[in-house]
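So the chains spell out like this:
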Amino acid sequence: MPEAKARSQSPRSRFRRGIERLFPDPRHGGRIFGRPASLVYGPADKGPPAALVPLAAQHAMLAVTFLVYPVLAATEARLPADQMSAMLSACAMSIGVATIIQCMRTRFGSGYLAVHIPAPGAIPLAAQALMLGGLGLMAMTTLLVGICQLFMARLVRPLRVLLPPEVCGVAVSMLGVSLAGPLVAQNATFASLATVGIIVAITVFAPRRLKLFAVFAGASIGWVLALVLGAGHPEANAAIAAAPLVAWPTLTLPSLQFAPALFPLMALLVMMNLVDVLSVTVSLEKMNDADWRRADMQAAQRAVTACGFGNILNGLTSGFQSGLSSSSVGLAFATQSTARIIGILAGAMIFAIAFLPKAIVALTLIPSPVIGGILLYTSSYLVVAGMDLVPSRRLSERRVFVVGLSVLAGL
C-alpha cells in the first residue's frame, strides 16, 4: 500500500491528473444526440470516400480562399513578397493542423465539423504588428493571443449566463449579414450571379446525393465564366508560373519583443474569438441534435482550447491569427453533412497545400465574383440558422428586447 500511494504521488501521476482537470476527456460522459431526419452524414458517420472527399475539398477550398485576409494585412504593411509567401504557407499549415485537432473528439477538440480560417478581425492587429516589428512581432502577438485563449477556455462555462442561445443566434445571423452586405455591393456581376444561381439550382432541384457537391460545381463553373468574361486577375498566370511546385514552408520564430500599445487590441480579439467559437459550436450542436435544448459548454471549452493551440502554432511559425469559420457552418448546413471525418480530411488538404506554393497562389487568385457568390450562398444559411436558434428557448419580454435591439444595432 505505501508503494502504491507513493506511485500515485509521483510527478508523472500528478501531471496526468492536472491535465485531466484542465482538459476533461469527452469520452467520460457527454451528451447523446437525437439525430435529425434531414442529416445525411452525422458527426460519427463514415461515408464512402466518393462522397466524403469532394465534401472535404469544398471546405478546404473555402478555407484557403480566406488567405486573402493575411494578404490584405501584408499589403497594408508593405511586406516583401517572399515574406508574404512564407506567412501564407505557415498559416495554411497551422490552420490545417488546428482543424484536425478541432474535429477530433479528444481533450483538446470539440469533435464537430469546425474548420479554422485566418481571422478577418485580426487584420488591424497583424498590420500594425508588421509595421512596428515585422513578422517576428506579429508572430509574438499571435502567440500571446493563443496563450490567452487557453486560459479563457477555463472561463467558458461560467460565462454561460452572459451568452445564452438568443445572444448566440443574433451573433450567427449578424455574421451572415456582415458577409452578405459588402458582397452585394461589390460582386453583383454575371459570374457572381451565375455561381449563386448554379449552387441554388443544384441545392433545390438536384437529387439528394448531388446536392452535396453544389458549392464545388458552382465555384468551378463560376471560375470559368469569370475567366471568359475577363473578371479574373490579369497577373494570375505570371504569378502562378513564378511559384515553385513543391517547397518547404519558410518559418520565422517569434521575436522577443512586445508592443504594449497592441495589448488592448489583443484582448479585444480574444473576447471576439470567444463569442465566435460559442456561436459556431452552438449552431453545430443544434444542427446535429433534433432534441437540442441548451449549449454543451464542455464542447465549447474544448473548441476554445483548440483555437488556442492553433494560434500558438501560428505564432511559432509566423502564421496569421486564426479562428473558426462561420462559412463552413453554412456549408455544413447546406449539405446536411457534419461528419467529423470531413473536417479531418479538409484539415489534411489544407496542411498539404502549405507545401504547394503554386496551389496557394492559385487559390488566393480565385476571382472575387466567385468568392462573393459562394459567400452569399453560405451567408443566407447563416442568417436562417441564427433565426432558428433565437426562439429555441421561450422569449420573455426581456429577451425580446435583447434580440430586437441587438439586431437593429447590427443592421
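Worth saying up front: this structure is predicted, and the values here are computed from it rather than measured.

Scoring rules and cut-offs
- Residues numbered from 1 in each chain as written.
- Predicted model: local features only at pLDDT ≥ 70, side-chain atom pairs only at ≥ 80, totals over all residues.
- Heavy atoms only, no water.
- Helix = DSSP H or I, 4+ residues; strand = E, 2+ residues; numbered from the N terminus.
- Contact = heavy atoms within 4.5 Å.
- Areas by Shrake-Rupley, 256 points an atom, 1.4 Å probe, with all protein chains shown as cover.
- Phe/Tyr/Trp six-rings, centres within 6.5 Å; stacked < 30°, edge-to-face > 60°.
- Buried < 20%, exposed > 50% of the residue type's maximum accessible area, 1.4 Å probe, protein only.
- Expected span 1.5 Å × (residues − 1).
- Arc of directions from axis to C-beta.
- Patch = residues over 30% accessible without salt bridge, like charges linked within 9 Å, V, L, I, M, F, W, Y side chains within 5 Å.
- Salt bridge = Lys/Arg side-chain N within 4 Å of Asp/Glu carboxyl O.
- Axes fitted to C-alpha atoms, helices over the stretch in contact; angles between N-to-C directions.
- Parallel < 35°, antiparallel > 145°, perpendicular 65-115°, else oblique.
- Left-handed = near helix turned anticlockwise from the far one by under 90°.
- Nonpolar A, V, L, I, M, F, W, Y, C, P; charged D, E, K, R; others polar.

## Quick notes on the overall build of the protein
Across its full length, the protein holds 18 helices and two strands. Summarising the internal contacts of the protein: among those between residues at least 6 apart in sequence, 85% fall at separations of at least 24. A total accessible area of about 18,700 Å² is found for the protein, and carbon and sulfur atoms account for 70% of it.

## Things to note about the packing of aromatic side chains
Per the counting criterion, the structure on display carries three aromatic pairs. An angle of 85 degrees between the planes, with centres 5.5 Å apart, marks the rings of Phe108 and Phe309 as edge-to-face. A residue pair is termed long-range when its members are at least 10 positions apart, and Phe108 in the loop between α5 (81–103) and β1 (116–118) and Phe309 in helix α13 (residues 297–317) qualify at 201 residues. Given a relative accessible area of 29%, Phe309 falls into the partly exposed group.

## Section: helix α8 (residues 190–205)
Taking 1.5 Å of rise per residue, the 16 residues of α8 would be expected to cover 22 Å, and the 21 Å separating its terminal C-alpha atoms lies within 8% of that figure. The complete set of buried residues in α8 reads Ala191, Ser192, Ala194, Thr195, Ile199 and Thr203.

## So, unusual backbone geometry
Positive phi is not limited to glycine here, since Ser318 has a value of about 70 degrees. Residue placement: Ser318 occurs in the loop between α13 and β2 (322–324). A positive phi is found at Gln336, a non-glycine position, where the angle reads about 55 degrees. Checked against the element boundaries, Gln336 lands in the loop between α14 (326–335) and α15 (340–353).

## Details of helix α10 (residues 214–228)
Compared with an ideal rise of 1.5 Å per residue, which puts 15 residues at 21 Å, α10 spans 21 Å between its outermost C-alpha atoms and is within 8% of the ideal. Residues of α10 that are buried include every one of Ala214, Val215, Gly218, Ala219, Gly222 and Ala226, and no others. Seen from one end, α10 has its buried residues packed into an arc of 115 degrees, which puts them on one side. Across from the buried face of α10, at angles greater than 90 degrees, the exposed residues are Leu227 and Val228. Gly230 sits one or two residues past α10 and shows a positive phi near 75 degrees.

## Quick word on a nonpolar patch on the surface
On the surface, a cluster of nonpolar side chains totalling about 440 Å² of accessible area is made up of Phe190, Val224, Val228 and Leu229. On the secondary structure map, Phe190 appears in helix α8. According to the relative accessible area criterion, Phe190 is exposed, its value standing at 55%.

## Some details on the packing of α5 against α13
Helices that pack against each other are described as a pair by the angle of their axes relative to one another and the distance between those axes. Where α5 meets α13, the closest approach of the two axes is 9 Å, and the angle between their N-to-C directions is 155 degrees. In terms of orientation, α5 and α13 fall into the roughly antiparallel class. Between α5 and α13 lies a crossing whose hand is right-handed. From α5, Ala90, Cys91, Met93, Ser94, Ile95, Val97, Ala98, Ile101 and Gln102 reach across to α13, where they touch Arg302, Ala303, Ala306, Cys307, Gly310, Leu313, Asn314 and Thr317. Looking at the contact of α5 with α13 residue by residue, the class counts come to 11 nonpolar, five polar and one charged.

Note that every value here comes from positions in space, so none of it alone points to a role or purpose.
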